[in-house]
Amino acid sequence: MKAGSLRIMNQDTLSQYRLLMAKTGRETEEEWLPLWMHLKDTAGIMEKLAKKWVPDSIPAAAGMNCSQFLTTAKFLGAVHDIGKATSYFQSIITQNCPQKYDEITGSGFVVNKKYRSAGKTPHAYAGQWILQSDMNEFHIPESLALVVGSHHGKPISYDYIMGETDMIKAYPVNFFGVEEDNTSRRLWEASWYAIMDQALHLAGVPRADALPVLMPEAQVLLSGLLIIADWIASNTDYFPLLSLDDPGAEGAYPSRVEEGWARVSFPERWSSDIHLMDQEIFKERFDFWPNEVQAQMLKAVNDSKTPGLFVLEAQMGIGKTEAALGAAEILVSQNHNGGIFFGLPTQATSNGLFRRLYNWAQKVSEETVNAVRLAHGSAEFNEEYHKLALQGMSNVDEDEREQDRLGVHPWFQGNKRALLSDFVIGTVDQFLMASLKRKHFMLRHFGLAGKVVVIDECHAYDAYMNAYLDRSLQWMAAYGVPVILLSATLPSERRKELVECYAKAYSKYRLGKRRPDITYTRSDWKENTSYPLLTWTDGETVKQTDIRQSLPDKSVTIRYVNTIPDMIRLLDERLQDGGCGCIIANTVKAAQEIYTVCVHSMEQVRVILYHAQFTVPDRYEKEKQLLDKMGKSSCDSDRNRLILIGTQVLEQSLDYDADIMVTQLCPIDLLLQRIGRLHRHDKRNEKMPNYSRPDRLGKPECIILRDGENSYDSGSSAVYGEYLLMKTEQVLGTELKIPGDIPHLVQMVYDLGNDLELTGDAYECAKDTYKNDLKTKKQSAKRYLLKAPSGSEPFSSDSSASSPYISYL
C-alpha cells in the first residue's frame, strides 16, 4: 500500500481530504455535501436496496451469491465517485462556492482553472482510470472499475480505451492540477487511498484483491443498481445538504442512511409462494376454471426443473393472457423473481389489458405493498392509471384489504425507470430497447433480470424488430430470466428461431459451453403444425406438446366486395335487425374515406372512427367507447346498428366482439387476427350474457373489400408488400375453420419454398422484393444492436477480446 494510504495518514491529511466536495446547492451557494459523506450515503443505499428490494434472481443472474453481491454493491457505492477527487472536478464544483475553493486550495490541493482536453476526464471515467491505472496499487479487478466508469449510464467504449495508454499519465493536470510530482499531487493520491480504505471498510473486505472479477452480465446489473442508488443518494429531499460551515460528522451515521431510506419509502419486494398451481388457485385468481390450453400451460411450468422460454400458440380469445399470468406466478416463485413485465404490441392493447393485469396483481399482492407501472409514452392519459399515479402510494393502507395493496410509486415514474416497478404493463418496445445501444440500457436490464417476461402477439413484428427481440431473448437467457411468448398465428420457422435463440444462448452464456448442447424430446418439433401448441425449454432440453381442445371449430364465411358502395349495401342489409360491424382498413387515409361514405350513406347508423393519428386523449376516449359498446358487457342497445371503422390498431389484443367484419386484404396472420374479433365471445359460454345476436348475423361472416378489379389498393401494397398479399389471396377460399385452419394457412403463406402455384414476372418480382427487404431490415438493425452476452470471459483491455457491455458504442 502506498504512503498515501488512509491507514497511515495523519489527522491533518485526513481533514484535508474531507474538504473535497461532492454536491453543492442549486438554488443557493450556502449549502454543500462532502465527498466522503455522499459515498457513505450511496454505499448505505446500495445495502438497503440489496437487502430489502433486489430479488434473489438478480444476484443469480449476475453469477453471484447474495452475500457476494451485497459486498460488491456496498463497495461500488462507496467508491463510485472517486473521480470527483480530482483537480478538474473540484474546479467545476467550486466555481459558485468560493469559500470552499479557498479552503481546498488553502489546505494544499492545487485546483487548476485551465485544462487540456477537459472532456476526456468526466468524473465517472476519471474514477475508472484512477482504479485501474497501474500508477496506483489498488489491485482491483478491472471489471469493477468498468462499473464505476459506467455509473452515469454510458460506458467507455472499447475503442476509446484502446486509444489511450493511461488517462492519468496523458492528462495529469486534470487529475492533479499540475504536471510535475509535488506535494499537491501526493495529496490527491492520498485522497484516493482514503476513499479506497473507507470503501473496503464499509464493504467488510480485507483487501481489494479479495473483490470478485465480474462477468459482463454482473457488470450490467451492478451498474444498473449503482445508477439507482446514486440517484437516490443524490436527491437532496432524501439526503439533505449541509450548511457551508458544517464539515459533516461520522456521528451522523447510520441514522442519516436510515432516515434517507425512510423518506424514499420504497415499496416492499414482491414474491410468490405459489410453487405449484392447481385448478383451485387458478380459479381464485381469475374467477373461472382453467380450460385445456391454460391447464396445459400450468402443467408444463409446474413440471419444469429449469424453466426458460415458453411459446404458446393458440387461437384468439382462448385465454392466453390468463394462462401466461398463472404460469408467471409459478415462475416467480420457482426462480425467486420480484415481478413481471407484460409487453403488448401497441399503447391501445396495453391500455385494454391494464385493468385485467391490475386486478390479477391485486390478488397476488395480498401480503405485501407493491408498485405497478403502465409503461408507454402516453400512460398519463389513461384515466385509471393517472388517478393511481396522483394517489401515489397513499391509497395503500396498513390493513390487509386486497384492493389496497397496490399503488403507483412516484419514484418509478419516468422513461428510464419504466421497468423497475414490480408489475409493469407496457408496449413491447420497452423490452426491445434492452438490446438497443442507448444510454442507461443497464436500468432496463436490471428491471427485466428481476422479473418474468411475457410478450403477447410475438408474431406482429417485422424483420427489424425481430432482430431486437432475438437479442433481448439472448440476454434474458444469459440472466436465466423465464420468458413467455404468446401468439395466435406464429409461422413454424419463426417458432424454431425463437426457441433455438433462447436455448442456445442459455447453454452458451448461462452454462458457459462453447458449443450449445441442445436436446429435443420430439424430432418433429420444428415442423409441427398441431394447434394449439406449446413449446418450451427446460434447461437445454426443448419440449413440446399438442393441446387437445373440446371446443368445436368456428366456421367463418369469406365473401368479397369490389367497391365501397357494394360494402355499404351489404352492411345495411345485415344490420337491418340490429347488431354491430367492424371495418378494418390498412391505411388511415382509407379508413377516413370509408368513414366519410358510411356517415353520409347509411341512415340511423352510429359510426366510431379509431386510428393511431388521433390525439392521445381522443384515442383513450375512443378505446373506452368501443370496449363499452362492443365488449363483453355490451347489450343490444349498445351494439344496435353500430359500425367501428379503424386501422391495424383494431387487430391486436383489444377485447371487442363484432357481429360482422369487413377488411382490406392483409397478410394471412394479420387477417386471422382480425377475424379473431368476429364473434369473439360465444353466448353459449356465457361470455356475453347481456346480448343476443340477430338471426341475420348468427353465422360469422368476413367480407374482403377489394379495390375494384384489383385484390388490394396501392396503400395496402405499400404497407405490406405484394408477396404476402398475393399468397394470402391464393390460400383463401370461401370458408375458414377457426382454429383448425390457422396453422397450415400461416405456414403456407410464410414458407418461402412454397409458391402455392403462383407464377409470372409480377410474382417473382414481389418475392425478390420481400427477400431483399428482410435482408435490408436485418442489416439495418445491426447498426444499433447491443452485442450479445460474452459468456464466461471477462473483459480485458489488454486482450483482443472485447466486452459487449463496454464496446456496444
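This text follows the structure it describes.
Draft legend 1. Region of interest: the packing of helix α2 (residues 35-52) against helix α4 (residues 66-79). Running from amino to carboxyl end, α2 crosses α4 at an angle of 155°, the nearest separation of the two axes being 7 Å. Relative to α4, the element α2 is oriented roughly antiparallel. Considering how the two elements wind past one another, α2 and α4 form a crossing that is right-handed. Residues L39, T42, A43, M46, E47, A50 and K51 of α2 touch α4, and the partners they reach there are L70, A73, K74, L76, G77, A78 and V79. Here the residues of the contact of α2 with α4 are counted per class, giving nine nonpolar, two polar and three charged.

Draft legend 2. The arrangement of the side chain of K622 in detail. Among the secondary structure elements, K622 is positioned in helix α26 (residues 616-630). The side chain of K622 sits in the buried core without any salt bridge; D618 is the nearest counter-charge, 7.0 Å away. Looking at K622, its side chain comes within polar contact range of the main-chain oxygen of L609, at 3.1 Å.

Draft legend 3. Examining the sheet that holds strand β2 (residues 31-34) more closely. Ordered by their spatial adjacency, three strands build an open sheet running β1-β2-β3, and the pairing between neighbours is antiparallel. The open sheet has two edge strands, β1 (21-24) and β3 (242-243), and neither has a second partner. Inspection of the sheet shows β1 paired to β2 by three bridges, in the antiparallel sense. When the bridges of β2 are listed, K23 appears paired with L33.

Draft legend 4. Quick peek at the nonpolar core. Membership of the largest hydrophobic core comes to 138 residues, with the highest contact counts inside it found for L49, I232, F431 and M476. Each residue touching F431, except ones within four places of it in the same chain, is listed here: F341, L448, V453, I455, L469, S472, L473 and M476. Among the nonpolar cores identified, the runner-up in size contains 49 residues, and Y610, C666, V731 and L732 belong to it.

Draft legend 5. Geometry of unusual backbone geometry. Omega for the peptide link from Y531 to P532 comes to -5°, which places this bond in the cis form. With respect to the secondary-structure elements, P532 resides in the loop between β11 (519-520) and β12 (533-538). Following I738, the chain continues into P739 via a peptide bond in cis, with omega recorded as 10°. Considering the arrangement of structural elements, one finds P739 in the loop between β20 (735-738) and α31 (742-750). Positive phi outside glycine occurs at H336, with the angle close to 60°. You can see H336 is positioned in the loop between α17 (320-335) and β5 (340-344). Positive phi outside glycine occurs at R641, with the angle close to 50°. Along the chain, R641 falls in the loop between α27 (636-639) and β17 (642-646).

Draft legend 6. Quick peek at the environment of G631. Looking at the secondary structure, you find G631 in the loop between α26 and α27. Between the alpha carbons of G631 and L654 there is a distance of 9.0 Å; along the sequence they are 23 residues apart.

Draft legend 7. Representation of the pattern of salt bridges in the model. Applying the stated criterion across every chain yields a total of 46 salt bridges. For the salt bridge of E103 with K100, the shortest nitrogen-to-oxygen distance reads 3.1 Å. Within this pair, E103 and its partner K100 are both found in helix α6 (residues 98-106), separated by three residues, close to a single helical turn. Its relative accessible area of 29% is what places E103 among the partly exposed residues. Residue K100 is classed as buried on the basis of its relative accessible area of 3%. With a closest N to O distance of 3.9 Å, D655 and K632 form a salt bridge. Note that D655 is positioned in the loop between β17 and β18 (660-664) and K632 in the loop between α26 and α27, a separation of 23 residues in sequence.

Draft legend 8. Molecular detail of the packing of aromatic side chains. Following the criterion strictly, the structure yields 20 aromatic pairs and no others. Summarising the aromatic geometry, the rings of W270 and F423 are spaced 4.8 Å apart at their centres and angled 55° between planes, so their arrangement reads as tilted. With W270 in the loop between α14 (255-264) and α15 (279-286) and F423 in strand β8 (residues 423-427), this pair connects stretches of sequence that are 153 residues apart. Aromatic side chains F282 and F286 sit 4.7 Å apart centroid to centroid with 50° between the ring planes, which places their arrangement in the tilted category. With F282 and F286 both in helix α15 and four residues apart, this pair spans about one turn of that helix. F286 carries the same exposure label as F282, and that label is buried. The rings of W53, W261, F266 and F446 are connected pair by pair, giving a single aromatic cluster. Between R18 and the ring centre of W36, over which it is positioned, the NZ or CZ distance is 4.0 Å. Directly above the ring of Y691 sits R639, whose terminal nitrogen or CZ lies 4.2 Å from the centroid.

Draft legend 9. Local environment of the side chain of S634. For S634, the position within the fold is in the loop between α26 and α27. On the basis of relative accessible area, S634 is assigned to the buried category, the value being 0%. Engagement of the side chain of S634 in a polar contact is seen with the backbone oxygen of G631, the distance being 2.7 Å. Side-chain polar atoms of S634 contact the side chain of R639, separated by 3.2 Å.

Draft legend 10. Representation of a positive patch on the surface in the model. A grouping of K154, K416, R438 and K439 is seen on the molecular surface, where their side chains present a positively charged patch. Within the fold, K154 resides in the loop between α8 (142-149) and α9 (158-163).

Draft legend 11. Quick peek at the pairing of β18. With respect to burial, β18 is a largely interior element, five of its five residues being buried. Of the two faces of β18, the one lined by I660, V662 and Q664 and the one lined by M661 and T663 are each fully buried. Bridge analysis of strand β15 (residues 580-584) against β18 gives four bridges, and the strand direction is parallel. By the bridge assignment, I583 is partnered in β18 with V662. Where β18 and strand β19 (residues 701-705) come together, four bridges link them in parallel fashion. Considered in β19, the bridge of T663 is made with I704.

What counts and how
- Residues numbered from 1 in each chain as written.
- Predicted model: local features only at pLDDT ≥ 70, side-chain atom pairs only at ≥ 80, totals over all residues.
- Heavy atoms only, no water.
- Axes fitted to C-alpha atoms, helices over the stretch in contact; angles between N-to-C directions.
- Helix = DSSP H or I, 4+ residues; strand = E, 2+ residues; numbered from the N terminus.
- Parallel < 35°, antiparallel > 145°, perpendicular 65-115°, else oblique.
- Left-handed = near helix turned anticlockwise from the far one by under 90°.
- Contact = heavy atoms within 4.5 Å.
- Nonpolar A, V, L, I, M, F, W, Y, C, P; charged D, E, K, R; others polar.
- Buried < 20%, exposed > 50% of the residue type's maximum accessible area, 1.4 Å probe, protein only.
- Lys, Arg positive; Asp, Glu negative; His and termini not counted.
- Salt bridge = Lys/Arg side-chain N within 4 Å of Asp/Glu carboxyl O.
- Polar contact = N/O pair within 3.5 Å; in protein donor to acceptor, adjacent residues only side chain to side chain.
- Pairing = 2+ DSSP bridges.
- Core = buried A, V, L, I, M, F, W, Y, C linked by side-chain atoms within 4.5 Å.
- Phe/Tyr/Trp six-rings, centres within 6.5 Å; stacked < 30°, edge-to-face > 60°.
- Lys NZ or Arg CZ within 6 Å of the ring centre and 35° of its normal.
- Patch = residues over 30% accessible without salt bridge, like charges linked within 9 Å, V, L, I, M, F, W, Y side chains within 5 Å.
- Areas by Shrake-Rupley, 256 points an atom, 1.4 Å probe, with all protein chains shown as cover.
- Charge placed at Lys NZ, Arg CZ, Asp CG, Glu CD.

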